[in-house]
Structure formats: structure tokens, C-alpha cells
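Each chain is listed here by its residues.
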Amino acid sequence: MKTHKIIIVGGGIEGWITAATLIKLFPKKDITIIDKFDSPSLGLAQSHADYIKNWIRLIGIEDKEFIKTSDATYRLSTEFKNFYKKDYGSFQYPNGIPSFLDTHYWFNDWIGKKAINPNLGSHDFAETFWPIMQLVLHSTYSENKHFEFESDFLPKLYTSYNWDPDKFGNFLKSNYCLNKGVKYIVGDITDTKTTKEGLEEIVVNGSQCIKADFFIDCSGPDSLLLGKGMKTSFNEYKDILINDSIITCHIPYKNRQKELTLYNKAVAYNHGWISHIPLWSGINLRYTFSSKYISQGKALNEFIEYIKNNFSNRSLKDIDLKERTFKSGCYNKIWIKNVCAIGSSAGELEPLQNNSLFPVVEFLKVLCKTLWSKEEINQFDRDTFNATCITRFRNLAEFISLIFKLSVREDTKYWKYLTNQPTHLKGRTNEVLEKYHRSFEDVLNQRTVKGHFEDGLACIAFGMNYFPKSFSDIMWDRYHNDIEWHKPGFKNSLRTMETHRKLWKKEAKKCPLIYTYLKNNFYDK
């Protein structure tokens, strides 16, 4: 199969990211994108993990080019509130890497800290090890040009974004893709014609027939080419993720300087969770819930009640509430013959871990590797692509589900079901959990394993009070069964860590507010 002439169906943010990536890496290919003229906006702000930073570096665009036009802000962390128990409190899952400077047993030192201070909240874990948390807590920002923190700590490397996806997609279209030679056709896909070789042509606006070597489906959850055209079966992840509905709205700021933060918020609620995503123009709120346990109408009432309780000084009359449904899961094959799906046309997950663009960026990465190495594609290439992408997608789904698995909430039927449901971990999450235990054992045995955990597992686990080692284990396994005997061994490293945290705090307080930083560098220019 040749791949010189490529048609991308769907021109939202997923389609334009796909077009931008392909025209950057394969400038000699003939790339056309087909999009509806009046694609409706769902009003969903997007938040992204560190992977989007690598993609932006690949494309070669700078923050000053798109921040203002995309209503974008910076994100350094996500706060999870009340997931462990109702009214329990919160913990942070920061970007970047922890600092183990002068620690004794790395992350295990915090277990000692918890034993010494039994009432210590789980929020303290990230604050102890992540220098970046002091910027988060004080809503200040620094590029660390003068190494106010440790010399290897560069916030710029770990800064991710919140943005309006429609506006960022339009930026890519107007300021990048069309300028570099991507062709653009406005119209509706009204029919597809397939043969035993795959998709032969698509029909636009009822009359225009378009052929290509390779078709990429970026049509979103409609999956016009993969799902409908190629009639591929869908594998829903009901065994681990049960939420299927979203209500969203945009809340303008009353005082941007005070309300703009460097973290998003996910608040566990009666029948799901509510996210706060700060953009420059206001806060995007989203209630993600399960229609199995609450009707759309009752969920809407719950959401309005939440807004009234948390934004009591705002008028609701001008707030535009939008609703949509979704299915967490993935098609059983996402590249069939000459049709490949990228993004939500391949699969969709609830965005609890800032994963909206994960199936776009990660699937593109695998696709580009395949296209780069071969001029023509065979079935082995397609099979390898499918196996790699579907496995990564399932692994992410299991990681998202982990925070529900670790909860002990039972205050509604929804939470009672989640916390008593059998655990179906089939992929890498199960392997990482086993490694999580093993590496801590190794550390406590004074081996050289440093306790680095993939995918932020440590933050989620400690935040949800899931410890692979406790002081009872230490007393059980060691010669001394008196907890007081063990405490002095941790105190020196704890004093050192607290000294580092005070230094980070001192430097963070010198930095400008994130409001001031964004205003001076982007929004006032």
C-alpha cells in the first residue's frame, strides 16, 4: 500500500494536529484535510500532560504564537479532591520529576514522616518531593533561568497547557498547516465506497468523489471512516470505566489575578467527578458522570447546585450548559487496509488524567515511525501499529481507573459499586503495581533502586493512602518491634527535606504570579 496521497477527514483540533505533524515530517506527501464548515463546538476546554510539550517542540511553534489566540494558560499539576473519601481533602499530582536530594530511602522517607506525624495529610507527599509544587501552591511561575531551584530543575520543560481546542485548531490551520502546503476542502462526507482493497473513495457534498492512497479518520466519535465506513467493531471498557456523560459550562472570572491557578482540579462528586480547567477567559467546568446511576436531568440539577455552592457570586443566567455522551473504549482495530483512525475516532476515555489528546499524539507517533521507515505498507505494519496503540490505550484506561479502585467511598450507589467492583487490570498497570511493591522492598533493603514510578503512580497511590510499605511491615520484618526505635533513623533526612522545601518556598515567593507572567509575556502584547 502506498501512502503518498493522504486524505484526513475531520478538521477539528485532532485533524489539524494530524495534518501539522504529517506536513512537518513528510513535506513531500500530498496531504488534504476535509472538514465541515460549521462543526459545532462542544465547549470543552482541554488540558494536557507533558507529552504535548514534546509535540510542540517537534512542530517548532513557540508559546508566543498561540497562547493568546488559544485562550491558553499553563498547568503544572492536577489536584484530586475527595476521591479517597467524601470530604476527605485533596492531593496533587504534579508534572515533572521529584527531587531525592539528600534523602535516605527516597520516597520511603515519607512513610517515616507519616509514622512520626500520624495526622499528616496525603497532600504533603508531593509537596515534600516536587520542587515545582511551591510554584503551584503560590500561583507563581519561573523559567528558572537563574537556577533559583536546583540546577536540573527547569519548570519550562514540565509546563503543560490548558486551551480552547477550537481556537488552537484554528491557529494550526491558519498559521501553520495551510502555509506549509496542506490542502483544505470544506464539505460533508455523504458517502464512502469500499472494495476488498479498502476504501476506494469518499463522496463530499453528495457529488464530489475523492480518491487517495491513504485515508486518516479524524472525524471524532462519529468515526465516519473506521467505524461506519469500514464497519469495525468497538470494544467498550465497561469493566473498568463506567462514566458515559458530560455536562460542561464556562464560568467567567470575577478576579482573574486571584482565581487563575497553575493547577487543574478534579473533585469527586455524587455520581462522578467535576473538573475545573482555568483558561485565560475563565474556568471551564465539566461534570463527568454515569447515566446508569443518575439521569441527565438530575445530573444537571446536581451540577447547577455545585456551581451555586462554589461560585456563589456569579449569575447563572448567562451560563451556557452543554451536554454530550461518550463511550470509554477503543475499536478492535484502528488501522484496517488503507484506513487509519487517529484520536477519538479510534477510541475515547474520560479525561481524568489530562489525556484528551493522548490518542492523537501517541498514535501519530507510532504512525509516523511506520511511514518514516517504509515507502509501502504491508499487513505486518498494520498489525504492529494496532497492537502498539491499542495496548497503550488500554494501559492509560487502567491507570485512569486506578483512582476509583483505590477509593473507599460508599456514600452513593455509584461509589459503592466502584469501590466493590472486581479489579480487571489486564495490561501494564498490573505490571507497574507489582513493580511498585518490588522497588520499595528493594529500597528498604538498601539496594540501588531509586523508586521512580511510571505514569505518576506514586502520587496517585500515596494520595489515595495506598502504601506498599508501612511501619507495621518494617516492625514485622526487622529485629525491633518498637516503632519508636525506628523513628530516629528517618529524622535526619526529614530535617534535610524540610530545609529544601523552605528554600523552594522562598524562591517561589520571589517569582511573579502566573497571572502577571502570562499577562506581561502574552496577553498584553
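The structure this text deals with has already been given above.
This is a predicted model, so every value here is computed, not measured.

So, how was this worked out
- Residues numbered from 1 in each chain as written.
- Predicted model: local features only at pLDDT ≥ 70, side-chain atom pairs only at ≥ 80, totals over all residues.
- Heavy atoms only, no water.
- Helix = DSSP H or I, 4+ residues; strand = E, 2+ residues; numbered from the N terminus.
- Buried < 20%, exposed > 50% of the residue type's maximum accessible area, 1.4 Å probe, protein only.
- Contact = heavy atoms within 4.5 Å.
- Pairing = 2+ DSSP bridges.
- Axes fitted to C-alpha atoms, helices over the stretch in contact; angles between N-to-C directions.
- Parallel < 35°, antiparallel > 145°, perpendicular 65-115°, else oblique.
- Left-handed = near helix turned anticlockwise from the far one by under 90°.
- Nonpolar A, V, L, I, M, F, W, Y, C, P; charged D, E, K, R; others polar.

1. Structural notes on the side chain of Ser160
Within the secondary structure layout, Ser160 lies in strand β7 (residues 160-163). Looking at Ser160, the relative accessible area reads 0%, which means it is buried. In contact with Ser160, other than residues within four places in its own chain, are His48, Ala49, Thr73, Tyr74, Arg75 and Asn95.

2. Some words on the pairing of strand β12 (residues 214-217)
Here β12 shows no split at all, with Phe214 and Ile216 on one side and Phe215 and Asp217 on the other all buried. Summarising the sheet, strand β1 (residues 5-9) and β12 pair through 4 bridges and their orientation is parallel. Paired with Val9 across the bridge in β12 is Asp217. In this structure, β12 lies alongside strand β21 (residues 339-341), joined through 3 bridges in parallel fashion. Directly across from Ile216, in β21, lies its bridge partner Cys340.

3. Side note on the pairing of strand β16 (residues 272-278)
Counting buried positions over the 7 residues of β16 gives 7, a clear majority of the element. Counted along the chain from strand β15 (residues 263-269) to the antiparallel partner β16, the turn is 2 residues long. By the bridge criterion, 7 bridges tie β16 to strand β17 (residues 282-289) in an arrangement that is antiparallel. Bridge assignment links Ser275 to a residue of β17, and that residue is Arg286. Where β16 hands over to β17, the hairpin turn is made up of 3 residues, counted between the paired strands.

4. Quick notes on the sheet that holds β21
Taken together, the 6 strands give an open sheet; going across it, the order is β8-β2-β1-β12-β21-β20, and neighbouring strands pair in mixed fashion. Among the strands making up the open sheet, the edge pair consists of β8 (183-186) and β20 (335-336).

5. Details of the packing of helix α1 (residues 13-25) against helix α2 (residues 51-59)
Following both chains from N to C, one finds α1 and α2 inclined at 45°, their axes separated by 10 Å at the closest point. With respect to their mutual orientation, α1 and α2 come out oblique. Taken as a pair, α1 and α2 cross one another with a handedness that is left-handed. Only Trp55, Leu58 and Ile59 of α2 make contact with α1, whose side of the interface consists of Ile17, Ala20, Thr21, Lys24 and Leu25. Of the residues that constitute the contact of α1 with α2, the class distribution is 6 nonpolar, 1 polar and 1 charged.

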